Amino acid sequence: IPWADKVAFFGKRAEELDFTLFFYTDSKGMCKNITESADSFDVSENEYFKQAMQGKVYTSKIRNDALDGSKIVIVAAPLYRNGQIDGVFAGVKSTKFLSDICAKFKWQNSGILAVYDEDTTLIGHTNKDLVAKGLNILEKSNDKDYKEVAEFFANDVKTKASGVGEYYFLGNDK
């Protein structure tokens, strides 16, 4: 199959599934983007590559895109040839979808949905600028604008099964 046809097919699928792009690797981790430029690089040290090479479908932790710095996840799966794992097929997905979900969520008058990673960094919020800045609530606990939400996060979210509660954040009761 000509490369241009592969690029057209996978480009269309990426758009339909809201992925930035797809790529594949050989068994040693040498990667090739399925794009016109067909950029190549080594991903052998990445956890998503290691897990997929063990036969697992794996979603990476949120990371910065090496090309533009945006927040992304990589969804990777083993690539089989002749019944053997011969590499990895993966897709790059912007984490923007998390903030899109948060933007649609409303709770009573001022409640919102915010999504944090395991390191307490904001990864989804109605205010996309806070996500882009990589806001970490606990690191901001000494800042008066974040003090109450940081205490709520430390005392309620991290210690209980539910992260539902009331607090003051950036001029609003939540």
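Residues numbered from 1 in each chain as written. Predicted model: local features only at pLDDT ≥ 70, side-chain atom pairs only at ≥ 80, totals over all residues. Heavy atoms only, no water.

So, on to the nonpolar core. One finds F23, Y48, I74, A76, V88, A90 and V92 to be the most contacted residues of the largest nonpolar core, which totals 13 residues. Sorting the residues of this core by element identifies β1 (21-25), α2 (47-53), β6 (71-81) and β7 (84-94) as the ones contributing at least two each. The contact partners of A90, leaving out residues within four places of it in the chain, are L21, F22, F23, I74, V75 and A76. (Core = buried A, V, L, I, M, F, W, Y, C linked by side-chain atoms within 4.5 Å. Buried < 20%, exposed > 50% of the residue type's maximum accessible area, 1.4 Å probe, protein only. Helix = DSSP H or I, 4+ residues; strand = E, 2+ residues; numbered from the N terminus. Contact = heavy atoms within 4.5 Å.)

Attention now moves to the pattern of salt bridges. Tallying each qualifying case throughout the model produces five salt bridges. In this structure, K93 engages D18 in a salt bridge whose closest nitrogen and oxygen atoms are separated by 3.9 Å. Highlighted residues: K93 in strand β7 and D18 in the loop between α1 (3-16) and β1, separated in sequence by 75 residues. When the shortest N-O distance is used, the salt bridge between R81 and D86 registers 2.6 Å. Residue R81 is classed as partly exposed on the basis of its relative accessible area, which comes to 42%. (Salt bridge = Lys/Arg side-chain N within 4 Å of Asp/Glu carboxyl O.)

Let us look at unusual backbone geometry. Residues other than glycine seldom take positive phi values, yet A38 does so here, at roughly 50°. When you line up the elements, A38 lands in the loop between β2 (30-33) and β3 (40-42). Residue N82 is not a glycine yet carries a positive backbone phi of 55°. Its place among the elements puts N82 in the loop between β6 and β7.

All right, on to the pairing of β7 then. In this sheet, β7 lies alongside β1 in antiparallel orientation, the contact comprising five bridges. Across the sheet, residue F22 finds its bridge partner in β7, namely G91. Pairing analysis gives ten bridges linking β6 to β7, with the strands arranged antiparallel. Each residue of the ladder has a partner; that of V75, found in β7, is G91. A loop of two residues connects β6 with β7, the two strands running antiparallel in sequence, and N82 in this loop sits at a positive phi of about 55°. (Pairing = 2+ DSSP bridges.)

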